[in-house]
Amino acid sequence: MGSSSLLRSCLHRGVLCRGHQAAQRWASDSATGSVKDIASLLEGAEVDREEVVEKPPPTRLPSDSTVVLFPGQGSQQVGMARGLLRYANVRAMFLTAQKVLGYDLLELCLKGPPEVLHKTVHCQPAVFVTSLAAAEKLNHQVPKALENCVVTAGFSVGEYAALVFAGALDFAEALHAVKIRAEAMQEASDAVPSGMLSVVGTAKTRYHLVFAEAEEHCRTLGIANPVCKVANYLFPDGRVIAGHIEALQFLQKNAKKFSLTRAKLLPVSGAFHTPLMESAVEPVQNVLRTLSFKQPLVNVYCNVDGKRYRDASSIDKLLAKQLVSPVKWEQVMHAIYERRPGTDFPLTFEMGPGFQLGTILRLCNLKAWRLYKNIDVFESD
């Protein structure tokens, strides 16, 4: 693709992505030692909005359409991005990441160590960059998959990747926002012993009673304002509950009483997407206000309400709200894939690493899942 932008490679709109142009300029400057700070990456990145206006794409049959999904925190694994380095622009993206983040993200992705990669402050940028880099591989393998994309969505931090992919946000600007988000969420996690619990309920599960008893248990331990809430809606009867660690341990111990057939603590140190992330909202709001959001070129679905973004002016507010609101992924899956009997389904591609979103899709809509493929970020072709 040479000097073409990430957005151009993904959506064939012929629109240069300001952030990716700047990323290439930064990569070139760094070789001559002229890089100074993030401002040098972002300045001069304006583009005439009239250039972006194009005729609406022709209506596509469902069988000729594609959906592109971006995973969130928890999908990261050491070795990711190893299968992407042969594709155009990927090394430039990671070089930009090194300048924005202040450390070698590619080295961390390839070699770890795992305990460092899995920290919130590192894994969010790692998943964000690697997932977008996977779009370069998909463009090489199945170019029409990107040309025919009609919908994109991302889980938690993956929503930032989806917005970049759809042309609503520049790569470098979004990466800077993800950096601030990850740091703020890491700090919020470190402030309170908390976590996340993956559960599968039954028809008998009464979640409002589950949360009430868990929070009351915390009060008996002297915890003021305890939190125990749904953080992620995944699939029918599948939830992630987050809150004070004492509340989650109580639920694990009493899983049978609450008709929970599964109750497994996740390897994270924070209660993401609950009020325990409130301290992270202000720094994220501040950085989002500095960004230039545009109307997405394809439909992007929002984690907060499960609906597609209709107005670019609302994106920053919903991304900030996402920190303390449950991810309505099950609702997003229904919105994207529900259709009349006999109607064909689109092809679906998950931009690695991992198969988590594919697994959820299988539990939400088996027919749609049969046309699902993961883009491997670990092994080259």
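Going by the structure above, here's the rest.
Residues numbered from 1 in each chain as written. Predicted model: local features only at pLDDT ≥ 70, side-chain atom pairs only at ≥ 80, totals over all residues. Heavy atoms only, no water.

1. A few points about the pattern of salt bridges
Pairing between side chains of opposite charge can happen when their charged atoms approach one another.
Turning to step 1, where the next piece is worked out: For the coordinates displayed, the defined rule picks out 8 salt bridges.
Turning to step 2, where the next piece is worked out: The salt bridge partner of Glu 213 is Lys 257, with a shortest N-O separation of 2.8 Å. Taken together, the residues Glu 213 in helix α11 (residues 207-220) and Lys 257 in the loop between α12 (245-253) and β6 (262-265) connect sequence positions 44 residues apart.
Turning to step 3, where the next piece is worked out: The exposure class of Glu 213 is partly exposed, given its relative accessible area of 32%.
Turning to step 4, where the next piece is worked out: Residue class for Lys 257 comes out exposed when judged on its relative accessible area of 53%. (Salt bridge = Lys/Arg side-chain N within 4 Å of Asp/Glu carboxyl O. Helix = DSSP H or I, 4+ residues; strand = E, 2+ residues; numbered from the N terminus. Buried < 20%, exposed > 50% of the residue type's maximum accessible area, 1.4 Å probe, protein only.)

2. Considering the pairing of strand β4 (residues 228-235)
Turning to step 1, where the next piece is worked out: The buried fraction of β4 amounts to 6 of the 8 residues, a majority that puts the element mostly inside the structure.
Turning to step 2, where the next piece is worked out: Here β4 pairs with strand β5 (residues 238-244) via 6 bridges, running antiparallel. Residue pairing in the sheet places Lys 229 in a bridge with Ala 242 of β5.
Turning to step 3, where the next piece is worked out: As consecutive antiparallel partners, β4 and β5 are separated by 2 residues, and within that stretch Asp 237 has a phi angle of approximately 75°, a positive value.
Turning to step 4, where the next piece is worked out: Bridge count for β4 against strand β8 (residues 327-328) is 2 bridges, and the pairing is parallel. Among the inter-strand pairings, Asn 232 is bridged to a residue of β8, identified as Val 327. (Pairing = 2+ DSSP bridges.)

3. Considering the packing of aromatic side chains
Turning to step 1, where the next piece is worked out: Evaluated as defined, the whole model comprises 5 aromatic pairs.
Turning to step 2, where the next piece is worked out: Their ring planes at 15° and their centres at 5.9 Å tell us that Phe 128 and Phe 171 sit as a pair that is stacked. Of this pair, Phe 128 sits in helix α7 (residues 120-141) while Phe 171 sits in helix α10 (residues 171-191); the two residues are 43 residues apart in sequence, bridging distant segments of the chain. You'll find Phe 128 and Phe 171 in the same group, each marked buried.
Turning to step 3, where the next piece is worked out: A centroid spacing of 6.0 Å and a plane angle of 35° characterise the contact between Tyr 207 and Phe 211, whose relative ring orientation is tilted. Taken together, the residues Tyr 207 and Phe 211, both in helix α11 and 4 residues apart, mark about one turn of the helix.
Turning to step 4, where the next piece is worked out: A cation over an aromatic ring shows up here: Arg 362 above the ring of Trp 369, its NZ or CZ 5.3 Å from the ring centre. (Phe/Tyr/Trp six-rings, centres within 6.5 Å; stacked < 30°, edge-to-face > 60°. Lys NZ or Arg CZ within 6 Å of the ring centre and 35° of its normal.)

The values reported here are purely geometric and, on their own, carry no functional implication.
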